[in-house]
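Each chain, letter by letter, is given below.
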Amino acid sequence: MALIVQKYGGTSVANTERIKNVAARVARHRENGDRIVVVVSAMSGVTDGLIKMARDLMPIPTEREMDMLLATGEQTTIALAAMALHSLGVPAISLTGAQAGIVTDGVHTKAKILNITPKQVHAMLDGGHVVIVAGFQGQTSEGHITTLGRGGSDLTAIALTAALKADLCQIYTDVDGVYTADPRVIPNAVKLDEIAYDEMLELAGAGAKVMQLRSVEFAKKFGVIFEVRSSLNDNPGTIVKEETRSMEDVVIRGVSLDKNQAKLTVVGVPDRPGVAAGIFKALAGAAINVDMIVQNVSHGAAKPVTDVSFTVDKADLLKAQKVIQGLKPEIGYRELLTNESIGKLSIVGVGMRSHSGIAARLFETLAGQEINIDMISTSEIKVSVVIDLAKAEAAARAVHAAFLE
Ligand code: ADP
Ligand code: ASP
Ligand code: MG
């Protein structure tokens, strides 16, 4: 008798028909004698709708109340999913993140899981129930409701798998698994049978929203092997696991495009020690994650100044602007520019470690499409470029064709 954690994302529970479909799948697994913990997201569009309402009231909503609001999305789904199972005669019970024992720090909207004490989950499983847990949410030790960052139901599922020492973790979504690129943008993308944690991490960090970045970090840290698969068919999915030797034979595992980044440029910053530290410390203090950073060569001999550009999630743009504007008296830069019309295109593969010339080939492919590169960053297994958003999808198709077709 296996213990299985199954997570169903927003599109898999988008309406009551889809919820019935999930209930039927869960009931089938239970007939095999397995014990099942189900993690669900909010119905698709619900979280976005709640965020929009909050922003209508306040451009930068108070974060504690934002979490109180967003947690309601998942709470709707757990109750509906439990009812759908009851209607099939399956004993099931819904639990909020807090009831499932998920304790987080107090960084509202991006909380980290500190520990999980799933006493109620165990008790309900022992009583023969399917346990349905609200994804994306937790509670601080003081009892404040928190959320785990966008896409955070993935993290709930993986963390619960580790805490419960479950035998299997299945992430059910609206595509058959992890592809060489987003199949909605690149029709020639193919499904991967397996992918290494590090590759999945880089793809997730580069915008492939099929898995939340933090959930993959957690899985790697705790060695949670999981499968990404479709809730709409029975095709085998993609297994995400530790790297194996044969994985290095493939140079590029995937291409990913992030259209959710914005660029800020602080123009005319004094070029002296400590200034960059001041800027990025202030951003970190506001819990803003900075992705790419580029500093220009300084100009002006007497009082050298430079320009510092960096990217953040679009959702953090207003907050980042406010932080940098607050630094103006201290740093004395000339102006702050922002650009939301950018796309970050990345290629990822553990095979890059043992193959050279990959970046050059990427740049050549982009040059062939007359695409200008704005920023570049690399890691051992990834090359990313920032380009004009208007050309980003065409660029992604050309790069996929060059490396993966
Ligand atoms: P869920 O609601 O189930 O959490 P998401 O919308 O968060 O699902 O993630 C699934 C989506 O991720 C797919 O519909 C697909 O468009 C997108 N996606 C982006 N990159 C990839 C990729 N490399 N492989 C598969 N899907 C991808
Ligand atoms: N509902 C949350 C979101 O839309 C969490 C999730 O779907 O995983 O980001
Ligand atoms: Mg998701």
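Up top is the structure.
Let me sum up the structure you'll find in this document. (Residues numbered from 1 in each chain as written. Chains lettered and ligands numbered in written order. Predicted model: local features only at pLDDT ≥ 70, side-chain atom pairs only at ≥ 80, totals over all residues. Heavy atoms only, no water.)

## A look at the packing of helix α10 (residues 358-368) against helix α11 (residues 392-404)
To be explicit about the condition: Only the contacting stretch of a helix is used when fitting its axis, a line to C-alpha atoms as for every element, and angles between N-to-C directions run 0 to 180 degrees. Secondary structure follows DSSP: runs of H or I at least 4 residues long count as helices, runs of E at least 2 residues long count as strands, and numbering of each begins at the N terminus. Reported orientations rely on four angle classes, namely roughly parallel under 35 degrees, roughly antiparallel over 145, roughly perpendicular from 65 to 115, and oblique for the rest. Take the far helix as the reference: if the near one is turned anticlockwise from it by less than a right angle, the crossing is left-handed, and if turned clockwise, right-handed. Any two residues whose heavy atoms approach within 4.5 Å are treated as being in contact. Ten residues, namely Ala, Val, Leu, Ile, Met, Phe, Trp, Tyr, Cys and Pro, are considered nonpolar, four, namely Asp, Glu, Lys and Arg, are considered charged, and the remaining ones, Gly among them, are considered polar.
Between α10 and α11, the shortest axis-to-axis distance is 10 Å and the interhelical angle comes to 130°. If you check the angle between α10 and α11, you find them oblique. Crossing angle aside, the handedness with which α10 passes α11 is right-handed. Listed contacts from α11 to Ile358, Arg361, Leu362, Thr365 and Leu366 of α10 are Ala395, Ala398, Val399, Ala402 and Phe403. When grouped by side-chain class, the residues that make up the contact of α10 with α11 number 8 nonpolar, 1 polar and 1 charged.

## Remarks on the environment of His355
Test applied: Residue burial is assigned from relative accessible area. The probe radius is 1.4 Å, only protein chains are included, and a residue is buried under 20% of its type maximum, exposed over 50%, and partly exposed in between.
Following the sequence through the fold, His355 ends up in the loop between β18 (342-348) and α10. Taking relative accessible area as the criterion, His355 reaches 34% and is therefore assigned partly exposed. In sequence terms His355 and Tyr179 are 176 residues apart; their C-alpha atoms lie 22 Å from each other. Setting aside chain neighbours within four positions, we find His355 in contact with Glu248 and Val251.

## As for the site of ligand 1
Heads up, the condition is: One heavy atom suffices: a residue is near a molecule or strand as soon as one of its heavy atoms comes within 4 Å of it. Whenever a nitrogen or oxygen atom comes within 3.5 Å of another N or O atom, the pair is scored as a polar contact, on the condition that within protein one atom can donate a hydrogen and the other can accept it, and that pairs from neighbouring residues in sequence are kept only if both atoms are in side chains. Using a 1.4 Å probe, accessible areas were evaluated by the Shrake-Rupley method; residue-level cover was limited to the displayed protein chains.
Residues in close proximity to ligand 1 total 18 residues, the closest being Thr173, Asp174, Tyr179, Asp182 and Arg184. One of the side-chain N or O atoms of Asp174 is found 2.8 Å from an oxygen atom in ligand 1. Side-chain polar atom of Lys209 to an oxygen atom of ligand 1: 3.1 Å apart, as the coordinates give it. Contact with the protein chains removes 89% of the 570 Å² of surface that ligand 1 exposes when unbound. Among the residues forming the shell around ligand 1, the class breakdown is 8 nonpolar, 5 polar and 5 charged.

## So, unusual backbone geometry
Of note in the backbone geometry, Lys165 takes a positive phi value of approximately 50° without being a glycine. Inspection of the secondary structure puts Lys165 in the loop between α5 (153-164) and β9 (168-173). In the Ramachandran plot, Glu370 falls in the positive-phi region, its phi being about 60° despite a non-glycine side chain.

## Things to note about the site of ligand 2
With respect to spatial proximity, the complete set of residues near ligand 2 consists of Ser41, Ala42, Thr47, Glu74, Phe136, Arg150, Gly151, Gly152 and Ser153. Taking Ser41, its side chain carries an N or O atom lying 3.2 Å from an oxygen atom of ligand 2. Between ligand 2 and the protein, one listed contact pairs a nitrogen atom with a side-chain N or O atom of Glu74 at 2.7 Å. Split into classes, the residues belonging to the shell around ligand 2 amount to 2 nonpolar, 5 polar and 2 charged.

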